[in-house]
Amino acid sequence: MAEIDDLNKRFGVPGAVVFEAGNGNLVRAALTASQGSAHVYLHGAHVTHFQANGQGPLLFLSSESLFQFDKPIRGGIPICFPWFGPKSGDTSAPVHGFARLLQWNPLETKRLGDGSVKLVLGLQSSEATRSKWVHDFSAQLNVTVGAKLELTLRVTNTSSQAFTFEEALHTYFSVGDIKTARIDGLSGVRYLDKVDGAKEKTQSGAITIEGETDRVYMDATSATTIHDPSFTRKITVEKSGSSTTVVWNPWINKAKAMADFGDEEWPHMVCVETANAAKNAVQLAPGATHEMRAVMS
Ligand code: BG6
């Protein structure tokens, strides 16, 4: 494909960054660092795979995922922006915003001195985005692949008025068995329980998943750890510039209701999302930039 040849000429790094046709012929970057590897689709700036050398894949990707220009990818790390969940007052707008439905552009690729590999993708406001959200912005996603996976989402207000936005790195982690896993780091934090009428509750101790779970933890700035005895591993999510953590597992019935998610896949994933949503939505002055970062290992 001419587009792929051109991308490799401009942004390919021998042995480290190769652009190729991925699922559904969507273009992805295959990143190979000295200590890990990843796949990043231009569609949605979507990381679908990361693996540190000698370990299993970190991310869950549904075997039923669609790979189409007009649909989000199910699994990996969808980017939710500029709103999280349904857009307030507009049921026709795409859930979780338009960023995961648009093609992002490569801006920079680099092999770093420590053997890790960096890819920067960008998205700017356009006619298409302004028809859904009036504000002018530019967004950048920095992906750094090494022994850890590091994502930084930068949003700049390029308009002349302040705006408010929500965002999430909607990360689907791969777990051996969600029924025996637990998530630490959110004890004492207030959350909206979206499976119980969005009631406000307080987390007590570790989170265990015993049914459909959809929780928006607010003013949650600390790191979280997923303990997964089934895979005998521990996943850590450290973050900055993020005041919301979302925890989601669809469980049995919702999994069956989702066309792009296997009926039996729910025990093997949990979303722990680095976000700014609901009361933690970000207000951005003209010319200002907000940065949200997550380091996953
Ligand atoms: C979670 C939301 O972050 O994403 C859930 O809290 C939602 O309410 C889930 O169901 C999946 O969303 P989608 O649009 O990718 O099916």
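Everything numeric in this text was worked out from a predicted model, so none of it was measured.

Student: Whenever I open this one, the overall build of the protein chain confuses me. Can you help?
Tutor: In terms of helices and strands, the protein chain carries 3 helices and 22 strands. On C-alpha atoms alone, the protein chain measures out to a radius of gyration of 18 Å, which is about the 19 Å that the 2.2 N^0.38 rule sets for 297 residues. Its C-alpha atoms put the protein chain at 50 × 50 × 35 Å along the principal axes. Restricting to contacts in the protein chain with at least 6 residues of sequence separation, those with at least 24 account for 62%. For the protein chain, the exposed area adds up to about 12400 Å²; of that, 48% sits on carbon and sulfur atoms. The positive charge centre, built from 28 side chains, and the negative charge centre, built from 31, are 3 Å apart in the protein chain.

Student: Where do I start with the pairing of strand E2 (residues 27–32) in this structure?
Tutor: Residues in a regular strand point their side chains to alternate faces of the sheet. Judged by how many residues are buried, E2 sits mostly within the fold: 5 of 6 residues are covered. Two elements, strand E1 (residues 17–21) and E2, share 5 bridges in a ladder whose sense is antiparallel. Bridged to Val-18 within E2 is Ala-30. Remark: 5 residues form the turn of the hairpin made by E1 and E2, two consecutive strands paired antiparallel; Gly-24 in that turn has positive phi of roughly 60 degrees.

Student: For this particular structure, what's the right way to read the sheet that holds strand E4 (residues 46–52)?
Tutor: Strands pair in a sheet through their backbones, by hydrogen bonds, and they do so in one of two ways: parallel or antiparallel. Across the sheet, 4 strands lie side by side as E1-E2-E3-E4; this open sheet has antiparallel pairing. Pairing within the sheet leaves two strands with one partner each, and these edge strands are E1 and E4. Direction aside, neighbouring strands of the sheet carry axes that sit 20 degrees apart on average. Sheet topology places strand E3 (residues 36–41) next to E4; 6 bridges connect them, and they run antiparallel. If you follow Gly-36 over to E4, its bridge partner there is Ala-52. This element, helix H1 (residues 2–11), spans E1 and E2 of the sheet and lies at about 175 degrees to E1.

Student: Explanation requested: the nonpolar core in the structure shown.
Tutor: Considering soluble globular proteins, one finds that nonpolar side chains tend to be buried as a cluster. By size, the foremost hydrophobic cluster in this structure holds 78 residues, and its most contacted members are Phe-19, Trp-104 and Leu-149. In this structure, Cys-80, Ala-168, Ala-275 and Ala-277 belong to the second largest nonpolar core, which totals 7 residues.

Student: Whenever I open this one, the site of the ligand confuses me. Can you help?
Tutor: Arg-74, Phe-84, Val-95, His-96, Arg-100, His-170, Lys-194, Asp-214, Val-246, Trp-248, Lys-254 and Glu-273 make up every residue found near the ligand. Within the side chain of His-96, a nitrogen or oxygen atom sits 3.1 Å from an oxygen atom of the ligand. At 2.7 Å, a side-chain N or O of His-170 approaches an oxygen atom of the ligand. For the ligand, whose accessible area on its own is 390 Å², the fraction buried by protein is 85%. Judged by the fraction of its atoms near the pocket grid, the ligand is located in the largest pocket.

Student: Looking at this model, I keep getting lost on the pattern of salt bridges. Mind explaining?
Tutor: Between side chains of opposite charge, pairing is possible as soon as their charged atoms come close. For the coordinates displayed, the defined rule picks out 17 salt bridges. We note a salt bridge from Asp-136 to Arg-130, for which the minimum N-O separation is 2.6 Å. On the basis of relative accessible area, Arg-130 is assigned to the partly exposed category, the value being 32%. The closest approach of N and O atoms between Glu-291 and Arg-154, which form a salt bridge, is 2.7 Å. Of this pair, Glu-291 sits in strand E22 (residues 289–296) while Arg-154 is found in strand E9 (residues 149–157), placing the two residues 137 residues apart along the sequence.

Student: Any chance you could explain the environment of Trp-266 here in plain terms?
Tutor: Among the secondary structure elements, Trp-266 is positioned in the loop between helix H3 (251–257) and strand E20 (269–276). You can call Trp-266 buried: its relative accessible area is 9%. Residues Trp-266 and Glu-3, spaced 263 residues apart in sequence, show a C-alpha to C-alpha distance of 36 Å. Other than its neighbours up to four places away in sequence, Trp-266 contacts Ile-178, Lys-179, Asn-249, Pro-250, Trp-251, Ile-252, Ala-255 and Phe-261.

Student: Teacher, can you tell me more about the sheet that holds E22 here?
Tutor: Across the sheet, 8 strands lie side by side as E6-E7-E8-E9-E22-E18-E17-E13; this open sheet has antiparallel pairing. The open sheet has two edge strands, strand E6 (105–111) and strand E13 (182–184), and neither has a second partner. Between one strand axis and the next, the sheet turns through 15 degrees on average, direction left out of account. The pairing of strand E8 (residues 137–145) with E9 spans 9 bridges and is antiparallel. Residue pairing for E9: Ser-138 is matched across the bridge by Thr-156.

Procedures and definitions
Residues numbered from 1 in each chain as written. Predicted model: local features only at pLDDT ≥ 70, side-chain atom pairs only at ≥ 80, totals over all residues. Heavy atoms only, no water. Helix = DSSP H or I, 4+ residues; strand = E, 2+ residues; numbered from the N terminus. Rg over C-alpha atoms; globule rule 2.2 N^0.38 Å. Contact = heavy atoms within 4.5 Å. Areas by Shrake-Rupley, 256 points an atom, 1.4 Å probe, with all protein chains shown as cover. Lys, Arg positive; Asp, Glu negative; His and termini not counted. Charge placed at Lys NZ, Arg CZ, Asp CG, Glu CD. Buried < 20%, exposed > 50% of the residue type's maximum accessible area, 1.4 Å probe, protein only. Pairing = 2+ DSSP bridges. Axes fitted to C-alpha atoms, helices over the stretch in contact; angles between N-to-C directions. Core = buried A, V, L, I, M, F, W, Y, C linked by side-chain atoms within 4.5 Å. Near = heavy atom within 4 Å. Polar contact = N/O pair within 3.5 Å; in protein donor to acceptor, adjacent residues only side chain to side chain. 1 Å grid on protein atoms, 1.4 Å probe; cavity = no way out; pocket = protein on both sides within 12 Å on 5 of 7 lines; lining within 4 Å. Sits in = over half its atoms within 2 Å of the grid points. Salt bridge = Lys/Arg side-chain N within 4 Å of Asp/Glu carboxyl O.

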